[in-house]
Each structure stands twice: as structure tokens, then as C-alpha cells.
Amino acid sequence: MHELGSVLMQIYRACRSLQGFQAAPSVHCAPAPSAIAGAIAVMWHLLFLPFFRLQLHLFWTPTALRMCYRGYSYPLMLFLEEGGVVTVCKINTQEPDELLDFDFCSTNVVNKVILQSEGLREAFAELDMTSEVLQITMSPDKPYFRLSTFGNAGSAHLDYPRDSDLMEAFHCNQTQTNRYKISLLKPSTKALALSCKVSIRTDAQGFLSLQYMIRNEDGQICFVEYYCCPDEDITDAEL
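Source: prediction; values computed, not measured.

(A) Spatial organisation of the overall build of the protein chain. Helix and strand content of the protein chain: five helices and 12 strands. By residue count, 38% of the 239 residues in the protein chain fall in the buried class. Considering only contacts in the protein chain between residues 6 or more positions apart, those separated by 24 or more positions represent 59%. For the protein chain, the exposed area adds up to about 14,700 Å²; of that, 53% sits on carbon and sulfur atoms.

Okay, here's the thing in C-alpha cells:
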């Protein structure tokens, strides 16, 4: 435990003064990019700073740190030297995926409702999740806002009147019925569990936007937005 504390403390001290390290002639690598150096410094601040404060008086010894990054697909290399002993740490890197452009413009929104998250959480608990799809119907007329599943127990429908206590806003211009893969929607339930309100929007193509409003412990508000394309077209015979 003491050796681990010493290594982490050395990295912290080096990151505090990090301005870019030159690689030794025997190690063919480029100086660490400033973006990577900054990211690592932030990581040590967030994860290990409390530990450093406890251990600082025990492990205050001179050390040297060299950081090397050869480029795309290569790991980030950390070389710690203390008293003639060199510790090598290799951190695998990951290239970010390109962001998808969903082209979901607010001016193209056809229907929009804002619900208290409690209502949507109850819906996921009551509907048959053995269904492969969740069908969402939004209409200026009855049933206004309907969630439907088609599972092992048959068809299940859950309706929300436009004047429901759970409905905070209702703006529907035309009747739309679209189906979405439940397997694609399930990851969004993590944000749903933390949220207090959810905005449900669809555009003319049936593209779905779920925007969750989350209030953290400090009272600050943040939003998590989730997009999903419709699974299939619904014919009149299926309604």
C-alpha cells in the first residue's frame, strides 16, 4: 500500500509541473501532447488528490517522470524513476468515435409532450417488456398520448390524457404512431431513473428524441438527450 501511495504521489507531483517531456534518446517517442497531459493531470486531481493529502508527509522523495506517446493506436507510457528504480506504466488509449449527426432540428418537431418522469417510470414497470417494440402514439385527439407493447401476454396500452396531472405540456399537430426497439430504449432508463421531467418529441419521419431533465444534489439542472429512429412503418391495418 505504501509503494502504491508513493507511485501515485510521484505522478501527481509530476503532473502539477507538467509542461511537456522530451523522450530520452534511447526511447523513440514524441513528447506527450498537451491534451493528454492535461487529461491525466485532471484525472489525478479527481481520483487521487484526497489520497495524496493523507500520504504526502510519508512519501516526499525526489523522483522523475517521463511521459511518451507515439501516436494513434499506441499506449501512453509513464516512466517513473526513484532512487535508480524505474517503474513503467502502460495506459491503453482509445480513439473517440465520430459523432453521429441526427439532424434533429427543433423546427421540424411535429409532436411534443413533457411528462413528469414518475409517469414514464410507472409505464415501463407496467407494460409488458417481453415485447420487442414500444409503440408510441401521439395525437391532437384521443388517445392523445399512448404507449403500447405486444409481448407474451398480448397487447397492452397505457394512455395519458392531455389534462393528466403527469402531463406538463402537450403540443401535438398531427397523429403519429411509431414503433421503437425496446432493446435500444432500455439504456435511456438509467437517465430516466435520475430525472424529474422528460420531454418526448418526434419529427415528421418519426425520429424520437427523449430529453431528461436531471437535478443534481447541488440543485443544478442538467439534461441528457437520447435519440432513436423508428423501427418500422405502421400500416392502418395494424392500428
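More follows now that the structure is in view.
(B) Up close: the packing of aromatic side chains. Evaluated as defined, the whole model comprises three aromatic pairs. A cation over an aromatic ring shows up here: Arg179 above the ring of Phe150, its NZ or CZ 4.5 Å from the ring centre.

(C) Just the pairing of strand β10 (residues 197-203), in detail. Of all seven residues in β10, six are buried; the element is thus mostly enclosed. With seven bridges joining them, strand β4 (residues 109-116) and β10 adopt antiparallel strand pairing. Counted as the bridge partner of Gln116 is Lys197 from β10. As judged from the six bridges shared by β10 and strand β11 (residues 208-215), these two strands associate in the antiparallel manner.

Here is what the cut-offs are and how they apply
- Residues numbered from 1 in each chain as written.
- Predicted model: local features only at pLDDT ≥ 70, side-chain atom pairs only at ≥ 80, totals over all residues.
- Heavy atoms only, no water.
- Helix = DSSP H or I, 4+ residues; strand = E, 2+ residues; numbered from the N terminus.
- Buried < 20%, exposed > 50% of the residue type's maximum accessible area, 1.4 Å probe, protein only.
- Contact = heavy atoms within 4.5 Å.
- Areas by Shrake-Rupley, 256 points an atom, 1.4 Å probe, with all protein chains shown as cover.
- Phe/Tyr/Trp six-rings, centres within 6.5 Å; stacked < 30°, edge-to-face > 60°.
- Lys NZ or Arg CZ within 6 Å of the ring centre and 35° of its normal.
- Pairing = 2+ DSSP bridges.

It is worth stressing that arrangement in space is one thing and function is another; only the former is reported here.
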